[in-house]
Protein chains: 2
Amino acid sequence: MSNKQERVERQATIIDIANKLKKDPSTVSRALSGSPRISDRTKEEVARVAAELNYIPNRAAARLRSGRSKVVGVIVPRLNHHFFSEAIYGMEAKLKREGYNLIICQSNENYVEECDAVRSLLSSQVDGIIISLSSQTKNFEHLQYVLDSGVPLVQFDRVTDELNTPRIVNDNFEGGYKAVNHLLSGGYRKIGVLHGGMVTNVYRERLEGVHQALEDAGIKSNKALELEAFTEKDGYNAAKKLLANGNGPDAIFCCSDHTALGVLEYAKEANISVPSELGVLGYANELFTRVTNPSLSTVDQQCDKLGRQAASVLLKRLTFKSMLNVEEPIKSSLIIRDSSVRAI
Amino acid sequence: MSNKQERVERQATIIDIANKLKKDPSTVSRALSGSPRISDRTKEEVARVAAELNYIPNRAAARLRSGRSKVVGVIVPRLNHHFFSEAIYGMEAKLKREGYNLIICQSNENYVEECDAVRSLLSSQVDGIIISLSSQTKNFEHLQYVLDSGVPLVQFDRVTDELNTPRIVNDNFEGGYKAVNHLLSGGYRKIGVLHGGMVTNVYRERLEGVHQALEDAGIKSNKALELEAFTEKDGYNAAKKLLANGNGPDAIFCCSDHTALGVLEYAKEANISVPSELGVLGYANELFTRVTNPSLSTVDQQCDKLGRQAASVLLKRLTFKSMLNVEEPIKSSLIIRDSSVRAI
DNA sequence: TTGTATGCGTTATCAT
DNA sequence: ATGATAACGCATACAA
């Protein structure tokens, strides 16, 4: 237990450095920012004294004067979802190298909290904002306001095209397409779909991919086999509904791994053997999919790459004022495990 | 695609509000902060105009003047670990209600990056810092410096007692104790231990709990049954080493769920039946533990509660300057699933 | 109850 | 190549 006297020392400022060197604060400021108008000798001296005094620049002051804070705000629906924490991981890695910090907020899938987060980030004087929309968000004034204020905004994953911003997204259509295509080529014919509704872009696009895959295979999509299901419990119930009468699908594609988990649970309970009687496919490559029994085939979204790319696009805006909005969707890859491959 | 003209409007300031009301900015400032010296009428007017102008306070300016930024910094080893993202979830929930934002940094289990993060947070003028130490951190000057600068610091989970700060931790000793005790009372006798070394407090304490449980049961702990293993791969290899000669333990307690996963994998491969031939116990209640085959018994750490409590203690320091350092460890609870319970 | 004056630490614009 | 000065937006000590 340290009983060291807690001398609360004031943080050193450029003025302290200037006094010590008998120079002007503005000279020190220029030296620290590497201005070409300062002699190398002075720069070295300033650097030396700065290190001596353990000088740490005051970003609040810099922001106030220059308008740049070197802080980026991030808003996600939930922090404790693998997808988002991994995406943020990617962003942080990318932004840190450029000297930026991240302020992270969660909307809890709630429109009002999302608005609060926006205000809060603007209040903190962030240089830019990266957002993935809450599932409740249908009005975008709060985000248009961000743009109107001149703060660069980048959307990722859950996005709207009602805002003129870059959008970093997965190729969800392709993901849905490839998934169902895989089931079909494995001999499954009657494909059930547990989808996430038509509101959120990612779910809508996956479903469209599913339909396209069916169409391309000459199979008419059957609304009776499509149910909305988000959670594990939803998945369980939906599977029950689809499979209970003995005339159900021979495979189920789920728009989330959690839903797929519910399907696996019901199948086990109902003694429906996976994959021989029922193929199951999830979405997102959650950590647990590798260890379910049977292991769950799923679609990997490269979430950290998504995060890196979102950060990268924002950085371009911050440094070059680039206004390019065109970003290729990030490819998803099918991960084939046991739940979707029948023994031959 | 919105083609709306992007008029970049300056953010409204208290001066704008003051001008509109023909009052002084200081009056507006006081009204907004609810000073008792301002009439209710003025407060209402100010609030109305502030809303009209969509006034958002400038925290950079407030910080510069008052020393308070309403931003808290958090440093964790890795963001994409269930334990930490869940803990941060708890912190954010708690701090948001008091008007605080979170700046989140990761040290990547690296001492130098941890030092960088500290500097970066101080540079961002955070009001306080919550940290969980990187596994490489053995020197604490960077954190002592935080304290010396008068910035409140709270440690959680991975902590050192060389710093005079509050420490919010799990009762890891109890966790290890209860886990092994459970194995013993289930009839397992020869307990293998895959631990995390003696450096990090959490692993050391779990191991101490293990030893105490063995001692209380009159069993002499056997160093030959104790190996260090962090990752899934480590777990696999360690299990192989312990079990290959046929004279291994009849149960293995792992200091992490990932390690336990490796053990399960090896057992399956070696046709060792879990739990009948080998009991397995993990630690942390990772999401996947529920769905392994067999499902994995583990120790739940209430990570979000840990996060809330860390935030709560920091808040006390920030608002009341409270210096109480005494916090009860948070109890862990054993979650008994299939991997540690023999059929009767 | 409200107004006036000042300064937080930095940087941009002058000037020298 | 460097110095002097002002200003960013806000909060506070002091006046009135």
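Note that the coordinates shown come from a computational prediction; the quantities given were computed from them, not determined experimentally. (Residues numbered from 1 in each chain as written. Chains lettered and ligands numbered in written order. Predicted model: local features only at pLDDT ≥ 70, side-chain atom pairs only at ≥ 80, totals over all residues. Heavy atoms only, no water.)

Asker: Honestly, the overall build of chain A in this entry has me stumped. Any pointers?
Answerer: From N to C terminus, chain A includes twelve helices and eleven strands. Computed over C-alpha atoms, the radius of gyration of chain A comes to 26 Å, more than 25% over the 20 Å expected from 2.2 N^0.38 for 344 residues, which places it beyond the range of a compact globule. By principal-axis analysis of the C-alpha atoms, chain A measures approximately 90 × 50 × 35 Å. The buried share of chain A, reckoned over its 344 residues, is 55%. Excluding contacts between residues fewer than 6 apart, the proportion of contacts in chain A whose partners are at least 24 apart in sequence is 71%. For chain A, the accessible surface area stands at approximately 15,400 Å², while carbon and sulfur atoms represent 50% of it. (Helix = DSSP H or I, 4+ residues; strand = E, 2+ residues; numbered from the N terminus. Rg over C-alpha atoms; globule rule 2.2 N^0.38 Å. Buried < 20%, exposed > 50% of the residue type's maximum accessible area, 1.4 Å probe, protein only. Contact = heavy atoms within 4.5 Å. Areas by Shrake-Rupley, 256 points an atom, 1.4 Å probe, with all protein chains shown as cover.)

Asker: Teacher, can you tell me more about the relation of the copies chain A and chain B here?
Answerer: Each copy of the chain is related to the other by a rotation around an axis and a translation along that axis. With an axial shift of 0.0 Å and an RMSD of 0.1 Å, the rotation relating chain A to chain B amounts to 180 degrees. Read as a symmetry element, the transformation amounts to a two-fold axis. Of the interface residues in chain A, 100% have counterparts in chain B that sit at the interface too, so the contact is made through matching surfaces. (Least-squares fit on C-alpha atoms with pLDDT ≥ 70 in both.)

Asker: Quick question: what am I supposed to make of the sheet that holds strand 6 (residues 191–195) of chain B here?
Answerer: Pairing between sheet strands relies on hydrogen bonds along the backbone, with the strands arranged either parallel or antiparallel. All names here are of chain B. Read from one edge of the open sheet, four strands run 7-6-8-9, paired in parallel fashion. One side of each edge strand has no neighbouring strand; the edge strands of this open sheet are strand 7 (226–228) and strand 9 (279–281). Each strand axis lies, on average, 15 degrees off the axis of its neighbour in the sheet, ignoring direction. When strand 6 meets strand 7, the two strands line up parallel, connected through three bridges. Looking at the pairing, L194 lines up with L227 of strand 7. Along the sheet, helix 8 (residues 172–185) contacts strand 6, strand 8 (251–254) and strand 9; its crossing angle with strand 8, the most-contacted strand, is approximately 165 degrees. (Pairing = 2+ DSSP bridges. Axes fitted to C-alpha atoms, helices over the stretch in contact; angles between N-to-C directions.)

Asker: Can you walk me through the protein's contact with DNA strand C in this structure?
Answerer: Neighbouring DNA strand C are 26 residues; R65(A), D24(B), S26(B), T27(B) and R65(B) lie closest to it. The protein-proximal atoms of DNA strand C, defined as those within 4 Å of the protein, are 58% sugar or phosphate. N58(A) is positioned such that a nitrogen or oxygen atom in its backbone is 3.3 Å from a phosphate oxygen of DNA strand C. Between DNA strand C and R65(A) there is a distance of 2.5 Å, counted from a base oxygen to a side-chain nitrogen or oxygen. The set of elements that each furnish at least two residues to the surface near DNA strand C consists of helix 1 (14–21), helix 2 (25–32) and helix 4 (59–66) of chain A together with helix 2 (25–32) and helix 4 (59–66) of chain B. Element by element, the count of residues in the surface near DNA strand C is highest for helix 4 of chain A, at four residues. Partitioned by chemical class, the residues of the surface near DNA strand C number eight nonpolar, nine polar and nine charged. (Near = heavy atom within 4 Å. Polar contact = N/O pair within 3.5 Å; in protein donor to acceptor, adjacent residues only side chain to side chain. Nonpolar A, V, L, I, M, F, W, Y, C, P; charged D, E, K, R; others polar.)

Asker: How should I be thinking about the pairing of strand 3 (residues 128–131) of chain A in this particular structure?
Answerer: Where a strand is regular, its side chains alternate between the two sheet faces. All names here are of chain A. Going residue by residue along strand 3, you find G128 and I130 tucked away on one face and I129 and I131 tucked away on the opposite face as well. As paired elements, strand 1 (residues 71–76) and strand 3 share four bridges and run parallel to each other. Looking at strand 3, one finds that V72 is bridged to G128. Where strand 3 lies against strand 4 (residues 153–156), three bridges are found, and the strand directions are parallel. Its bridge partner lying in strand 4, I129 is registered against L153.

Asker: When you look at the confidence of the model for chain A in this model, what are you seeing that I'm missing?
Answerer: Caution applies to low-pLDDT parts of the model: their predicted coordinates are not meant to be read in detail. On average, chain A scores 92 in pLDDT, and the residues at 70 or more come to 96%. When the criterion is pLDDT under 50, residues 1–6 of chain A qualifies, and its contacts beyond four places in sequence or with other chains add up to ten contacts. (pLDDT = per-residue confidence, 0-100.)

Asker: Can you walk me through the environment of K178(A) in this structure?
Answerer: Residue and element names in this part refer to chain A. Looking at the secondary structure, you find K178 in helix 8 (residues 172–185). Counting along the chain gives 121 residues from K178 to V299, while the straight-line C-alpha distance between them is 8.8 Å. With sequence-adjacent residues up to four places away left out, K178 is seen in contact with S332, S333 and L334.

Asker: In this structure, what is going on with the packing of helix 1 of chain A against helix 3 (residues 40–52) of chain A? I would like to understand it.
Answerer: Two quantities define a packed helix pair, namely the angle between the axes and the distance from one axis to the other. Residue and element names in this part refer to chain A. At a closest axis distance of 10 Å, the pairing of helix 1 and helix 3 adopts a crossing angle of 120 degrees. The orientation of helix 1 relative to helix 3 falls into the category oblique. Handedness of the helix 1/helix 3 crossing: right-handed. Of the residues in helix 3, those touching helix 1 at I17, K20 and L21 are E45, V46, V49, A50 and E52. Considering only residue class, the contact of helix 1 with helix 3 consists of five nonpolar, no polar and three charged. (Parallel < 35°, antiparallel > 145°, perpendicular 65-115°, else oblique. Left-handed = near helix turned anticlockwise from the far one by under 90°.)

Asker: Would you mind showing me how to read the sheet that holds strand 9 (residues 279–281) of chain A here?
Answerer: All names here are of chain A. Taking strand neighbours across the sheet as the criterion, the four strands line up as 7-6-8-9 in an open arrangement whose pairing is parallel. Among the strands making up the open sheet, the edge pair consists of strand 7 (226–228) and strand 9. The sheet shows a mean angle of 15 degrees between the axes of neighbouring strands, taken without regard to direction. Pairing between strand 6 (residues 191–195) and strand 8 (residues 251–254): four bridges, direction parallel. Note on strand 8: the bridge partner recorded for L194 is C254. Its contacts with the sheet put helix 8 on strand 6, strand 8 and strand 9, and the angle it makes with strand 8 is roughly 165 degrees. Those strands touched by helix 9 (residues 201–216) are strand 6, strand 7 and strand 8, and its axis lies near 165 degrees from that of strand 6.

Asker: What is the right way to look at helix 8 of chain A in this model?
Answerer: Each α-helix turn comprises 3.6 residues. Residues three or four places apart therefore point the same way. All names here are of chain A. Taking 1.5 Å of rise per residue, the 14 residues of helix 8 would be expected to cover 20 Å, and the 20 Å separating its terminal C-alpha atoms lies within 8% of that figure. When we look at burial in helix 8, the residues that qualify are N172, E174, G175, G176, A179, V180, H182, L183 and L184. Those residues of helix 8 that are buried lie in contact with strand 6, helix 9, strand 8, strand 9, strand 10 (298–300) and strand 11 (333–335). At the exit of helix 8 stands G187, carrying a positive phi of roughly 100 degrees. (Expected span 1.5 Å × (residues − 1).)

Asker: How should the protein's contact with DNA strand D be read in this particular structure?
Answerer: In the vicinity of DNA strand D, 26 residues are found, and the nearest of them are T27(A), R30(A), I14(B), Y55(B) and R65(B). Close to the protein, within 4 Å, the atoms of DNA strand D belong to sugar or phosphate groups at a rate of 58%. With respect to DNA strand D, the side chain of R30(B) contributes an N or O atom lying 3.2 Å from a base nitrogen. Here the element with the most residues in the surface near DNA strand D is helix 4 of chain B; it accounts for four residues. A breakdown of the residues in the surface near DNA strand D according to their chemical character gives seven nonpolar, nine polar and ten charged.

Asker: Help me understand the domain arrangement of chain A in this model?
Answerer: Often, the extent of an interface is quoted as the loss of accessible area on bringing the components together. Per the domain assignment, the segments of chain A are domain 1 (3–57), domain 2 (69–170 + 303–331) and domain 3 (172–301 + 334–340). One C-alpha centre belongs to domain 1 of chain A, the other to domain 2 of chain A, and the line joining them spans 34 Å. (Domains from an automatic or database assignment.)

Asker: Just checking my understanding: could you explain the interface of chain A and chain B for this structure?
Answerer: Contacts between chain A and chain B engage 62 residues on the former and 62 residues on the latter. Contact between chain A and chain B buries roughly 5,800 Å² in total, counting both sides, with carbon and sulfur atoms accounting for 47%. Linking chain A with chain B are four salt bridges. Residue E113(B) pairs with K96(A) through a salt bridge whose shortest N-O separation is 2.9 Å. On the surface where chain A and chain B come into contact, there are 31 residue pairs in polar contact (both at pLDDT 80 or more). Contributions of two or more residues to the side of chain A that touches chain B are made by helix 4, helix 5 (82–96), strand 2 (101–106), helix 6 (111–123), helix 7 (141–148) and helix 11 (257–269) of chain A. Residue composition of the side of chain A that touches chain B, grouped by class: 24 nonpolar, 19 polar and 19 charged. (Buried area = accessible area lost by both parts, 1.4 Å probe. Salt bridge = Lys/Arg side-chain N within 4 Å of Asp/Glu carboxyl O.)

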